[in-house]
Amino acid sequence: MFIAKDIGKKYVSAAGEKWALRHVGFVLPDRGLVAIRGESGSGKSTLLNILASLERPSEGSVFFNGIDLGRMGERNSADLRNERFGFLFQHFNLLEGQTALYNVMLPLLIRGAKSGEAKKKANALFSRFKMEALASKKAGVLSGGEKQRVALMRSLIGEPLALFADEPTGALDKKNESLVMEALSKIGGSRLVVLVSHNERLIARYGDRVLTLADGCLKADTGSAFLAKTPQASPKAKRSHSGRWKKALLKADFGKNAGKNLLSFVSETIGFTSVLLSLSFVYGSQNSLKKEKRKSLLYYQCSLSEKYAYAIPGSPLKLTKSERPDREKANDIFAEMPSVSIENDYSFFLPSYSSFCVDGETHDPVSINPVFDITLDELGREMVVAGRPSPSNDFSTCVVNEELANLFSFSIVGRTITLAHEVSLAAYGANEDLTFAYSFRVAGVVKEFSFLNAPRIYYSYPAARSFFRRFPLPEISEASGRELSVDDLVDEALGDEAYARYSFLCFAHSDADADGLRRVQDRLEADGSSCQIANAVYEVEKGFSSLRSAIDDSMIPFLVIEGLAVIFIIGAIAYSTVIMSRKESAILRSLGAHSSEVASIYDSECLFVSLSASVFALAFFPVLERIINPFLEAKTGMENLLSLSCGVVFGIPFLVVFALVFLAVALTFLGVWFPLLAAKRLPIAESLRDE
Ligand code: ADP
Ligand code: MG
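The text that follows walks through the structure, step by step, so that each part is easy to find. (Residues numbered from 1 in each chain as written. Chains lettered and ligands numbered in written order. Predicted model: local features only at pLDDT ≥ 70, side-chain atom pairs only at ≥ 80, totals over all residues. Heavy atoms only, no water.)

**Overview of helix α4 (residues 115–128)**
- Over its 14 residues, α4 extends 20 Å from the first C-alpha to the last, a length consistent with the 20 Å expected when each residue adds 1.5 Å.
- For α4, the complete set of buried residues consists of A118, A122, L125 and F126. Down the axis of α4, the smallest arc covering the buried residues is 100°, so these residues share one side. Of the residues in α4, the exposed ones pointing more than 90 degrees away from the buried face are K120 and R128.
- The inward-facing, buried residues of α4 contact α3 (100–111) and α5 (144–157). (Helix = DSSP H or I, 4+ residues; strand = E, 2+ residues; numbered from the N terminus. Expected span 1.5 Å × (residues − 1). Buried < 20%, exposed > 50% of the residue type's maximum accessible area, 1.4 Å probe, protein only. Arc of directions from axis to C-beta. Contact = heavy atoms within 4.5 Å.)

Next comes the structure, spelled out in structure tokens:
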């Protein structure tokens, strides 16, 4: 059955090279009890392991029924062990956490047998060895003798052609020793039993043939007691890889590794949470910026002008002139937003930037801007932090922003702000300039998005418009010899362009239209139109959004590091699982489980832990957001800086949730990859040796 041709085995360790076997050759029949004797360290176990395909020779070849064991793939030799070989070890190598019955059934289960069928065969063995009472006990609680009998049943259930026993009675008392030896001897009547022992008495009594090893060399061989039959290849049993047998092991592993799994769960939850934090910051800060910029009254206003370039003959320079476009052109530009009001720009009577007086004291210049409606009914109601903007638009009240209110140690609400502004009338043919002075009562204070704002005074544009329309200009009237109103100046552009204003003022009346202003601006810019839209918030935002994308980009290293941390946490856990399960894994492989099947047990364990950690991290994250966001808001003034969208993204519901679970699985696979690769490389024989 076996032909060993000049085999040698070399171990390389820190201590140097060591030949455990050298030039060993023999032929073994298909039945009988062949004993291998020799002193401790003479190479007996090594020889047995090589015959049993648990190890490969460094030199020479071993043939089993004509098949070269050294040339078999890992899977095929696992199948061979499962279907043709049985094993007995000095220290039994049972799965101690499993029942005796499961241990005995295991080789058949690995083979893919139905559990009922395996149970029937196992029970038959239990009654044959009169062990029925112990079948349901955990292997770990049995006595040494009982364990070895369970191991013997396990080695027999698959009806092997050869049974390998390495010092099977070394740990047993006399009574159990003879029990096991009698059984082996009986088995030797119909199969090959290879027995390693240094017990001369047993060898003399039971050995049909004795090989003697000394220092790795075959010193003596008593020859075959049986005539070898012609090797016959027995039909290969079909393996189905149902994998159901792994369930019991997985469950037991979970129990055994509960502490480790709990710690992994916690550390992975922390790892995933840090990934979620980064993602939710990227997402949330984008959203809150979007929301915050609406908290500026300037967001709803823009000016529309048209630029002309005039070539100067004989000069490389060009003159550019801004003008108000035709009303029709303006209407066309805002055609898609009928609610946008397009207004003649009367604001030139009020400075856009000026010093101002409160209580007779002059203060540094600030911005002065029109808003469409300082009652702030629609858009800015929630922005009002003090006072109450007038219920109707009147030109005698204004609102100021917090930045301006903060310039004063007292409350500005109810105080009077006086502006004085010189309007030059030289262009209109007048000799003197006109000083236009006006006073406002502060009706309210608004809180705007602070990143974007300087101190500002807002007045009502419609109120200003009706005021100026009724405002005749004596100086110009005199100069032109006609009684002129502001309307005349602005709308009719008296005489020539000199009186035409530069632009239209456009006001949005909804968030959607305010966003629309930006789209229109982008479109005009992209089309290379001569018309252009200016919006103060948009300009600031442009600068801000490049800062934002810089922040987003700098989150990438965070995410990468966090991802790596998760991978390595999972890797460390998987590695410790592998190391802790070294013995169990070697036992399963000696029984013929493929290394990938064994690996998948630990895979599933790691996967389960990290999936639950990721799901837990996701489920807990909204709570975390609710805890952290108020802190961030107190610091930055921005609401919901952290916000993870669990809703529809790119039109796909729960996209983020799915993506994160997928990420968890991917990170887990990356994490367990190398440890499991290492597990596959662990030599079986080494892990099984009975030191
Ligand atoms: P026996 O079973 O006869 O006691 P072994 O076959 O276990 O002997 O070992 C034979 C020799 O090979 C011993 O000297 C042992 O130290 C050495 N050996 C066995 N396994 C290894 C290994 N994995 N690495 C290095 N040396 C080993
Ligand atoms: Mg040994």
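**What to know about the sheet that holds strand β2 (residues 16–28)**
- The 4 strands are arranged β2-β1-β4-β5 in an open sheet whose pairing can be described as antiparallel. Of all the strands in the sheet, the pair left with one neighbour each is β2 and β5 (67–68).
- Across 9 bridges, strand β1 (residues 2–13) lies against β2 in antiparallel orientation. By the bridge assignment for β2, F2 is matched with L28.
- Lying on the sheet, helix α1 (residues 44–51) is in contact with β1, β2 and β4 (59–64); it crosses β2 at an angle near 60°. (Pairing = 2+ DSSP bridges. Axes fitted to C-alpha atoms, helices over the stretch in contact; angles between N-to-C directions.)

**Examining the sheet that holds strand β9 (residues 209–214)**
- The 6 strands lie next to each other as β6-β7-β8-β3-β9-β10, forming an open sheet whose pairing is mixed. Only two strands of the sheet have a single neighbouring strand rather than two, namely β6 (85–89) and β10 (217–221). On average, each strand axis in the sheet is inclined to that of its neighbour by 20°, with strand direction left out of account.
- Pairing analysis gives 5 bridges linking strand β3 (residues 32–38) to β9, with the strands arranged parallel. Each residue of the ladder has a partner; that of G38, found in β9, is L213.
- Here α5 sits on the sheet in contact with β6 and β7 (162–166), set at roughly 170° to β6.

**Thoughts on the pattern of salt bridges**
- All told, the structure shown has 17 salt bridges when counted by the stated rule.
- Across the pair E59 and R22 runs a salt bridge whose closest N-O atoms are separated by 3.6 Å. Here E59, found in strand β4, pairs with R22, found in strand β2; they are 37 residues apart in sequence, far enough to count as distant.
- Accessibility expressed as a relative area gives 24% for E59, which makes it partly exposed.
- Here R465 makes a salt bridge to E343, at a shortest N to O gap of 2.3 Å. Here the residue R465 occupies a position in helix α12 (residues 461–469), and E343 occupies one in strand β13 (residues 341–344), the gap between them amounting to 122 residues. (Salt bridge = Lys/Arg side-chain N within 4 Å of Asp/Glu carboxyl O.)

**Remarks on the site of ligand 1**
- Surrounding ligand 1, one finds 13 residues, the nearest of these being G41, K44, S45, T46 and R689.
- Here K44 contributes a backbone N or O atom positioned 2.9 Å from an oxygen atom of ligand 1.
- Within the side chain of S45, an N or O atom sits 2.7 Å from an oxygen atom of ligand 1.
- For the shell around ligand 1, the secondary structure elements donating two or more residues are β2 and α1.
- Ranked by residues supplied to the shell around ligand 1, first place goes to α1 with 3 residues.
- Residues that form the shell around ligand 1 fall into these classes: 2 nonpolar, 6 polar and 5 charged. (Near = heavy atom within 4 Å. Polar contact = N/O pair within 3.5 Å; in protein donor to acceptor, adjacent residues only side chain to side chain. Nonpolar A, V, L, I, M, F, W, Y, C, P; charged D, E, K, R; others polar.)

**Re the pairing of strand β12 (residues 318–323)**
- Two elements, strand β11 (residues 301–311) and β12, share 6 bridges in a ladder whose sense is antiparallel. Bridge pairing in β12 places Y310 opposite L319.
- Once β11 ends, the chain turns through 6 residues before running back antiparallel as β12, passing G314 with a positive phi of about 75°.

**Quick notes on the pairing of β3**
- Along β3, 6 of the 7 residues are buried, which leaves the element largely enclosed by surrounding structure.
- As judged from the 5 bridges shared by β3 and strand β8 (residues 192–196), these two strands associate in the parallel manner. When the bridges of β8 are listed, G32 appears paired with L192.

**Side note on the side chain of S264**
- Here S264 lies in helix α9 (residues 258–293).
- S264 sits in the buried class, given a relative accessible area of 2%.
- Among the polar contacts listed, one links the side chain of S264 to the backbone oxygen of K260, at a separation of 2.5 Å.
- If we ignore the near neighbours within four places in the chain, the residues touching S264 are I573 and V609.

**Section: the environment of Y461**
- Among the secondary structure elements, Y461 is positioned in helix α12.
- We classify Y461 as buried; its relative accessible area is 1%.
- The spacing of Y461 and F372 is 89 residues in sequence and 5.1 Å in space, taken between C-alpha atoms.
- Once residues lying within four places of it in the same chain are set aside, the contact partners of Y461 are E343, N344, D345, Y346, S347, P370, V371, F372, L505 and F507.

**So, the nonpolar core**
- Within the largest apolar cluster, 110 residues are counted, with the highest numbers of intra-cluster contacts made by F2, F164, L184, W245 and L588.
- Top contributing element to this core by residue count: helix α18 (residues 595–636), with 10 residues.
- Viewed by domain, this core spans two of them, domain 1 (2–240) and domain 2 (256–294 + 548–689), each represented by three or more residues.
- In this structure F164 touches F2, L48, L51, A52, F85, G86, F87, L88 and V194, once residues within four positions along its chain are discounted.
- The next biggest cluster of nonpolar side chains, apart from the first, holds 30 residues, and it includes L404, A405, Y438 and A463. (Core = buried A, V, L, I, M, F, W, Y, C linked by side-chain atoms within 4.5 Å. Domains from an automatic or database assignment.)

**With respect to the packing of helix α17 (residues 582–590) against α18**
- It is at 9 Å that the axes of α17 and α18 come closest, and there the two elements cross at 145°. Between α17 and α18 lies a crossing whose hand is right-handed. Together, E584, S585, L588 and R589 of α17 and S595, V598, I601 and Y602 of α18 make up the contact between the two elements.
- Along the lines of polarity and charge, the residues of the contact of α17 with α18 split into 4 nonpolar, 2 polar and 2 charged. (Left-handed = near helix turned anticlockwise from the far one by under 90°.)

**Focus on unusual backbone geometry**
- A positive phi angle, near 70°, is found at F92, a position not held by glycine.
- Examined against the element boundaries, F92 turns out to sit in the loop between β6 and α3.
- A positive phi angle, near 55°, is found at D359, a position not held by glycine.
- Residue position: D359 is located in the loop between β14 (353–358) and β15 (361–371).

**Looking at a nonpolar patch on the surface**
- A contiguous nonpolar patch, built from Y308, Y310, I312, L317 and L319 and spanning about 470 Å² of accessible area, is present on the exposed surface.
- On the secondary structure map, Y308 appears in strand β11. (Patch = residues over 30% accessible without salt bridge, like charges linked within 9 Å, V, L, I, M, F, W, Y side chains within 5 Å. Areas by Shrake-Rupley, 256 points an atom, 1.4 Å probe, with all protein chains shown as cover.)

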